[in-house]
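Examination of the molecular architecture
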Amino acid sequence: MAQPFVTIQNVRKSYWRESLEIPVLRNISFDIPTGEFLALMGPSGSGKTTILNLLAGIDRPSEGSIKIGDVEVSRLGEADLSRWRSLHVGFIFQFYNLMPVLTAFENVELPLLLTKLSKAERKKQVETALSIVGLEDRIHHYPNQLSGGQEQRVAIARAIVTDPDLLLADEPTGDLDRVSAESVMDLLSRLNKEYKKTIVMVTHDPRAAEKANVIRHLEKGELENGNNR
Amino acid sequence: MSVFKFAAKNTLRHPLRTGLTILGLAIAIVSFTVIQTSIDAWHAGAEASSPDRLVTRHAVSLVFSMPVAYADRIAKIEGVKQVAVSCWFGGIYVDKSNFFANFAVSHNNFFDLYPELVVPPEQMEQFKSERNAVIVGRKLADRFGWKIGDQVQLAGTIYPGTWDFVIRGIYTGAKATTDEGQWFQRWDLVDEQLRQTMPGRAGNVSTLFIQIHDPTRSAEICKTIDDQFANSAAETKTETEEAFQLSFVEMGKSIIVGLEIISYLVIGIILLVLANTMAMTTRERVSEYAVLKTLGFTSFHVAGLIFGESLFLALCGGVLGVALAFPVNSLVAIPMSNFFPVFHVSTMTITWGLVFAFVVGLVAGLFPASKAIRTPIVDGLRIID
């Protein structure tokens, strides 16, 4: 088995509504080896997206630790977390979340504005990312000039443009028709196999989950088959 | 693409809203400049005064006169350079609505005290040699179409009768702020007429203008002059020309204070307009800010985008307002010219207009930026879901 790339240890997460504690994740522990394509499945409210948010460092666990690579993500401060995220994580949203005022090229270029790359270097990287997702002929199109599938592929290009180690996808096919969903899943599968990206994907769609190497089910904040560590 | 281009694209996302906001800001800045220029116009007399000039008048009130012989006695006081007569004549040209300031002055030296009133030498010679000669300002001449040699009749109010004059000189202002709407006739003509018609009023003047050698001694010389005429039939009050002019401004102080308050209320209104625009804008983009943070942008970056947009809008409005201020104030000056001969947009007003625009931009961005910073990423993303 490959080296664990992600280590989630005794993670609990609760939200508070006034004085009422709502537990979302209960003592979750599992590893994700480098290069794994993991699909997280489960009913709504089971805590799938919360795990994804914790992995991305956009939310913090109430208890426990999350280690990605050599970094204890759950202990980083806000500024360090932002910097770490910009270098190591690519996030793919269900509703693409492209900036409507920017072209496909500019949307993909957005994360590179945080780097010290020159304009020419940024251009090269954006073109590479767009060619990987097969949209090199749509670079000057705005999101409203693209289909849902194309928008999601631009969003994937944005997620991979910084060449992150970890891709997190939150129901990437949830808003797509079957053909587009198939194409997006093939793309994610390619990114995993050819480019060795570690992918964690949240999905309700069993067809999408089939593309993953490992499927884990969550139920009421717990892993269905128990923790794997 | 740069972050600036991204910010600019965001700003122009709703062109109508952006345009209207900028226009609203520009109109407010124009209003601010018109009000401030009106206030400046009120102070124009005091602003144009010179520190080496003093004014002596009757201690009780301007309506009382004092003997013209005081001029010679004041001229002998140590530190005094020269003394000129200048009396409000109050003549009416054709109709009361044609109001302009007209003074009877000592022809031999009044203009020496006022180098800012520039009169061609040959015209000055004519003025000095002809008793019913008059020197008028360029704007006044233009207003009534007067030329050199024109005969003009004024109906006297303070000095009864019909007075015939000949325009012998047209002065121009040495500075943009010099009042070019005044009329100067010779005081000796008025005095001569009074000797024949009302001898009791002859030989008296309402104000004496005094030039001193050293402005730092003005307080001391004022006191010396007033002490000299203490306990006389016509005690005097001497003050600097600026203080004399400000005494007229004081009469309208409550109006000026009112105008000042209105000008700052205008700034308050534009702050609300821009704050509202920025609040709407950031509320619509909560999810986008969350996405930016997810991509690795910090709260500082997001705040920068919001402040950048707010400042961009405010400064566009400010610059447009300042650009419009000049033609608009020129238009406003036309009907106001009878009351405010000097209606000039000052550099200070322009500077304050731009400073207020900048401050408004900064303050309007505060609340939206702080909200965007405080909103957790997951809450921002949840709005999409």
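Here the structure is a predicted model, which means the values were calculated and not measured.

About the thresholds
- Residues numbered from 1 in each chain as written.
- Chains lettered and ligands numbered in written order.
- Predicted model: local features only at pLDDT ≥ 70, side-chain atom pairs only at ≥ 80, totals over all residues.
- Helix = DSSP H or I, 4+ residues; strand = E, 2+ residues; numbered from the N terminus.
- Rg over C-alpha atoms; globule rule 2.2 N^0.38 Å.
- Buried ≥ 20, exposed ≤ 12 C-beta atoms within 10 Å, placed from the backbone.
- Contact = placed C-beta atoms within 7 Å.
- Pairing = 2+ DSSP bridges.
- Domains from an automatic or database assignment.
- Nonpolar A, V, L, I, M, F, W, Y, C, P; charged D, E, K, R; others polar.
- Axes fitted to C-alpha atoms, helices over the stretch in contact; angles between N-to-C directions.
- Left-handed = near helix turned anticlockwise from the far one by under 90°.
- Expected span 1.5 Å × (residues − 1).
- Arc of directions from axis to C-beta.

Summing up its helical and strand segments, chain B has 15 helices and 12 strands in all. Computed over C-alpha atoms, the radius of gyration of chain B comes to 29 Å, more than 25% over the 21 Å expected from 2.2 N^0.38 for 385 residues, which places it beyond the range of a compact globule. Here chain B holds 385 residues, and the buried ones make up 38% of them. Look at the contacts in chain B between residues 6 or more apart in sequence, and 82% of them connect residues 24 or more apart.

Attention shifts here to the sheet that holds strand S8 (residues 198-202) of chain A. Residue and element names in this part refer to chain A. Strand order in the open sheet formed by six strands is S6-S7-S8-S3-S9-S10, and the pairing between neighbours is mixed. Looking along the sheet, the strands with just one partner apiece sit at the ends: strand S6 (89-92) and strand S10 (222-223). Judged from the five bridges that link them, strand S7 (residues 166-170) and S8 form a sheet pairing that is parallel. Looking at S8, one finds that Leu-166 is bridged to Thr-198.

Residues and elements named next belong to chain A. Spatial strand order, S2-S1-S4-S5: four strands in an open sheet with antiparallel pairing. Only two strands of the sheet have a single partner each, and these edge strands are strand S2 (20-33) and strand S5 (71-72). Looking at chain direction, strand S1 (residues 4-17) and strand S4 (residues 63-68) are connected through five bridges and run antiparallel. From the neighbouring strand, Gln-9 faces S4, where its bridge partner is Ser-65.

Let's shift gears to the domain arrangement of chain B. Residue and element names in this part refer to chain B. Domain boundaries in chain B define domain 1 (3-44 + 252-382) and domain 2 (60-234). Summarising the inter-unit geometry, the C-alpha centres of domain 1 and domain 2 are found 48 Å apart. Listed per partner, the contact involves six residues of domain 1 and seven residues of domain 2.

So, on to the interface of chain B and chain A. Listed per partner, the contact involves 18 residues of chain B and 21 residues of chain A. Sorting the residues of the side of chain B that touches chain A by element identifies helix H1 (3-11), helix H12 (286-295) and helix H15 (377-382) of chain B as the ones contributing at least two each. Per element, the largest residue contribution to the side of chain B that touches chain A is six residues, and it comes from H12(B). Split into classes, the residues belonging to the side of chain B that touches chain A amount to nine nonpolar, five polar and four charged.

Residue and element names in this part refer to chain B. Remark: helix H2 (residues 15-42) packs on helix H14 (residues 347-374), axes separated minimally by 10 Å, with the N-to-C direction vectors making an angle of 145 degrees. H2 and H14 meet at a crossing whose hand is right-handed. Between H2 and H14, the contacting residues are Leu-25, Ile-29, Phe-32, Thr-33, Gln-36, Thr-37 and Asp-40 on the first element and Thr-349, Trp-352, Gly-353, Phe-356 and Ala-357 on the second. Of the residues contributing to the contact of H2 with H14, the split by class is six nonpolar, five polar and one charged.

Residue and element names in this part refer to chain A. With 16 residues, helix H6 (residues 178-193) should reach 22 Å at 1.5 Å per residue; the first-to-last C-alpha distance of 22 Å fits that figure. Buried within H6 we find Ala-181, Val-184, Met-185, Leu-187, Leu-188, Leu-191 and Asn-192. An end-on view of H6 places all buried positions within 155 degrees of arc, on one side of the element. Facing away from the buried surface of H6 by more than 90 degrees, the exposed residues are Arg-178, Val-179, Asp-186 and Lys-193. For H6, the secondary structure elements touched by its buried residues are strand S3 (37-41), helix H5 (148-160), S7, S8 and helix H7 (206-209).

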